[in-house]
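# Coordinates in review
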Amino acid sequence: MRVAIYHSNDEHSIQVGKDLAKILSQNEIVIDNEKPTVVITIGGDGTLLSAVQKYLNLLEEVRFVGVHTGHLGFYTDWREYELETLIKALKSDGGAEVSYPLLNIDVTHTDGSHISYKAVNESTLRKLSGTMVADVLIGDNLFERFRGDGLCISTPTGSTAYNRSVGGAIVHPRLEVLQMAEIASINNRVFRTVGASLIMAPNETITIRPVPSFHRTYNFTADRIDLLDKHVKEVHYSIDEQKVKFLKYRHTGFWNRVRNSFIGSIDEV
Ligand code: NAP
């Protein structure tokens, strides 16, 4: 087992990173930030999202585990005062894992160039000023002409993040589906969108194609990647063939995770 430590840049997380490095070496576990088999993140969900982007080329062999240092911690199962217990669990590791779907994103720019991204949570295409006018295709078929601020395409685990804030449904991650949620759509007698979030069947794809006569630039995001003024011709979304894997010991069930994050523990209800 080779372990990488990926921490957030606040003072506390840096210190927890140093403590973890010490415990790992006391337990003769190799620290390897280049070719790890386990990545331990220290911070919050945002830190975990950045770690996945850093190790995208190692997704097949890497499992992630998150230690949270005071953040919400939707993806992070351990607290910083539990490092010894975490290492004990690592040492008796039998390779158990739980894996979650990733979003595959292919952006075509107006000059014809392509860039691909993967996201754990979601990708959005938005206009920060003025109305975004874009055709939405499901598979090859035109579904609607959208007018509004933008659209959010999320994975099941991302459904509790930005998607939830814009009124999307929470989706269990065993359903390998993507969801499209509207961000402030215009709906009146003249302009009409479906006005609800859509959950695709597995293998269905979504394409957002901004209408050229309204051609301006767009804000594109994929998890923490946030690009302004992109000249976008179309963005194609599907569920990726790869998944992101997490260590399984202490992996809280999805609905417990949702309840703990948004409602509180059962005693508080
Ligand atoms: P941030 O603005 O610093 O944090 C956004 C919040 O979303 C944090 O509390 C974060 O948890 C939480 N979060 C991230 N993934 C989540 C998930 N799958 N389920 C539930 N909550 C989740 O942004 P960031 O740390 O760079 O993370 C980027 C993510 O933040 C984006 O992918 C987007 O989903 C989310 N975001 C949401 C909104 C919104 O809801 N209006 C706005 C901007 C970004 P931690 O505290 O543990 O980091």
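Quick caveat: nothing in here was measured; it's all calculated off a predicted structure.

## Notes on the environment of Pro156
With respect to the helices and strands, the residue Pro156 is situated in the loop between strand 10 (141–154) and helix 4 (162–165). For the pair Pro156 and Pro101, spaced 55 residues apart in sequence, the C-alpha separation works out to 7.3 Å. If near-sequence neighbours (up to four positions away) are discounted, Pro156 is found in contact with Pro101, Val171, His172, Pro173, Leu175, Val177 and Phe254.

## Brief notes about the site of the ligand
In the vicinity of the ligand, 19 residues are found, and the nearest of them are Gly73, Glu122, Thr160, Ser165 and Arg224. For the ligand, a nitrogen atom lies 3.1 Å from a polar atom in the backbone of Thr157. Thr160 places a side-chain nitrogen or oxygen 2.7 Å from a nitrogen atom of the ligand. Coverage of the ligand by the protein chains reaches 67% of its 810 Å² of free accessible surface. Class assignment for the residues of the shell around the ligand results in seven nonpolar, eight polar and four charged. The residues that make up the shell around the ligand include at least three from each of domain 1 (2–96 + 248–268) and domain 2 (102–241).

## Describing helix 1 (residues 11–26)
Helix length check: helix 1 (16 residues) gives 23 Å between terminal C-alpha atoms against 22 Å at 1.5 Å per residue, within 8%. Within the span of helix 1, buried status applies to Ser13, Val16, Gly17, Leu20, Ile23 and Leu24. Each buried residue of helix 1 sits inside an arc of 130° when the element is viewed along its axis, so together they form one side. In helix 1, the exposed residues that point more than 90 degrees away from the buried face are Glu11, Lys18, Lys22 and Gln26. The inward-facing, buried residues of helix 1 abut strand 1 (2–7), strand 2 (30–31), strand 3 (38–43) and helix 3 (83–91). Count one or two residues on from helix 1 and you reach Glu28, which has phi positive near 55°.

Reading the values: rules and limits
Residues numbered from 1 in each chain as written. Predicted model: local features only at pLDDT ≥ 70, side-chain atom pairs only at ≥ 80, totals over all residues. Heavy atoms only, no water. Helix = DSSP H or I, 4+ residues; strand = E, 2+ residues; numbered from the N terminus. Contact = heavy atoms within 4.5 Å. Near = heavy atom within 4 Å. Polar contact = N/O pair within 3.5 Å; in protein donor to acceptor, adjacent residues only side chain to side chain. Areas by Shrake-Rupley, 256 points an atom, 1.4 Å probe, with all protein chains shown as cover. Nonpolar A, V, L, I, M, F, W, Y, C, P; charged D, E, K, R; others polar. Domains from an automatic or database assignment. Expected span 1.5 Å × (residues − 1). Buried < 20%, exposed > 50% of the residue type's maximum accessible area, 1.4 Å probe, protein only. Arc of directions from axis to C-beta.

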